[in-house]
Amino acid sequence: MKIANGMDFINDEAVIGKWKNIGWIGNTHCTSIDDLNEDSGEYDTLYFLQNGEPYWIFEGWTKGILLIHYGGDEPILTYKYDIQRIDNKDYLFFRVEDKTEVFIKVNSKQYTKATLGRHDNIELPFVYDEIIIGKWKSVAFVDTIESFSPDKECDSLYLKEIDFSSDGRLVQTTMDEVWHDKWTKGSVINLHRTTVATYEIRVINGTEYLFMEWKMGNYIYGGMAPEFYVFVRA
């Protein structure tokens, strides 16, 4: 059986399940957690599914190796992992770039892609919001609303435009596809990801800016807080 990059799948029962990031160490050869930097690494949570099944940016795994693909024309990256038993707990050492991210095992459940990650209740009643109606074009992508600065706008963003219809229909236009979703007052209902993203409008220096949570892979699978797209009226 093959996985991404044409690699043969070799099973590793010890790795199957959920792993939680507890920090990182500044080299790729460590085998202990003595010098652990407790700031969370790039990946908050890892899931290893049966038969090397891929999900999100993780293109699959085989014993000792995890594959990552950041999308588009980017190459599929190959990173090594190993497991150490320390004080009767299982730790996964993920050797990435110039550091090692360390995870502790949460459980050994046999997760599937269909049931994996966080999802929201999308069965919300429609409540009209006159101020949001119309097209908005993206100008920035930020970690938090407070970190946005109008003088740092960007036009090379994945999500290009969002269009709110008066009947609750919503069209989101990305760099390479169009999503047909819904909205209700204060929320964007992402049918294609079963998430609900809050939105709000703020006036900054006389300009209306729409801030919308971006609840995609990082939120669903990575266990991270949502970031924000910022829009102005088109």
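### Brief notes about the layout of surface pockets
Part 1: The computed volume of the largest pocket comes to approximately 1000 Å³.
Part 2: Residue assignment for the lining of the largest pocket shows that the elements contributing at least two residues are α1 (217–220) and β15 (227–233).
Part 3: The biggest single contributor to the lining of the largest pocket is α1, with three residues.

### Things to note about the side chain of Lys105
Part 1: With respect to the helices and strands, Lys105 occurs in strand β7 (residues 99–107).
Part 2: Here Lys105 occupies a buried position and makes no salt bridge, while the nearest side chain of opposite charge, Asp90, is found at 5.4 Å.
Part 3: Among the polar contacts listed, one links the side chain of Lys105 to the side chain of Ser108, at a separation of 3.1 Å.
Part 4: Non-local contacts of Lys105, meaning those with residues more than four positions away in its chain, are made with Glu13, Ala14, Val15, Ile16, Lys18, Trp19 and Asp90.

### Considerations on empty space enclosed by the protein
Part 1: Across all of its chains, the model carries one cavity of 30 Å³ or more by this definition.
Part 2: The volume enclosed by the largest cavity comes to roughly 30 Å³.
Part 3: In terms of lining, the largest cavity is formed by Tyr47, Phe48, Leu49, Glu53, Tyr55, Phe58, Gly60, Trp61 and Leu66.
Part 4: Those elements that provide at least two residues to the lining of the largest cavity are β2 (45–48) and β3 (58–62).
Part 5: A total of three residues in the lining of the largest cavity trace back to one element, the largest contributor, which is β3.
Part 6: Class assignment of the residues belonging to the lining of the largest cavity gives a composition of seven nonpolar, one polar and one charged.

### Focus: the environment of Lys99
Part 1: The residue Lys99 is located in strand β7 in this model.
Part 2: On a C-alpha basis, the gap between Lys99 and Trp24 in space is 6.9 Å, while along the polypeptide they are 75 residues apart.

### Describing the nonpolar core
Part 1: Core analysis: the biggest nonpolar cluster contains 30 residues, and Tyr43, Leu46, Phe48, Phe58, Trp61, Leu92 and Phe94 have the highest contact counts within it.
Part 2: Taken together, the elements giving at least two residues each to this core come down to β2, β3, β4 (65–68), β5 (77–86), β6 (89–96) and α1.
Part 3: Looking at this core, the element that brings in the most residues is β4, giving four residues.
Part 4: Leaving out residues up to four positions away in the same chain, Leu92 has contacts with Val15, Trp19, Leu46, Phe48, Tyr81, Asp82, Ile83, Glu101, Val102 and Phe103.
Part 5: Among the nonpolar cores identified, the runner-up in size contains 18 residues, and Ile132, Trp183, Ala197 and Met212 belong to it.

Calculation rules
- Residues numbered from 1 in each chain as written.
- Predicted model: local features only at pLDDT ≥ 70, side-chain atom pairs only at ≥ 80, totals over all residues.
- Heavy atoms only, no water.
- 1 Å grid on protein atoms, 1.4 Å probe; cavity = no way out; pocket = protein on both sides within 12 Å on 5 of 7 lines; lining within 4 Å.
- Points joined across faces, edges and corners; volume = space filled by probe spheres on them.
- Helix = DSSP H or I, 4+ residues; strand = E, 2+ residues; numbered from the N terminus.
- Buried < 20%, exposed > 50% of the residue type's maximum accessible area, 1.4 Å probe, protein only.
- Lys, Arg positive; Asp, Glu negative; His and termini not counted.
- Salt bridge = Lys/Arg side-chain N within 4 Å of Asp/Glu carboxyl O.
- Polar contact = N/O pair within 3.5 Å; in protein donor to acceptor, adjacent residues only side chain to side chain.
- Contact = heavy atoms within 4.5 Å.
- Nonpolar A, V, L, I, M, F, W, Y, C, P; charged D, E, K, R; others polar.
- Core = buried A, V, L, I, M, F, W, Y, C linked by side-chain atoms within 4.5 Å.

Keep in mind these values describe shape, not function.
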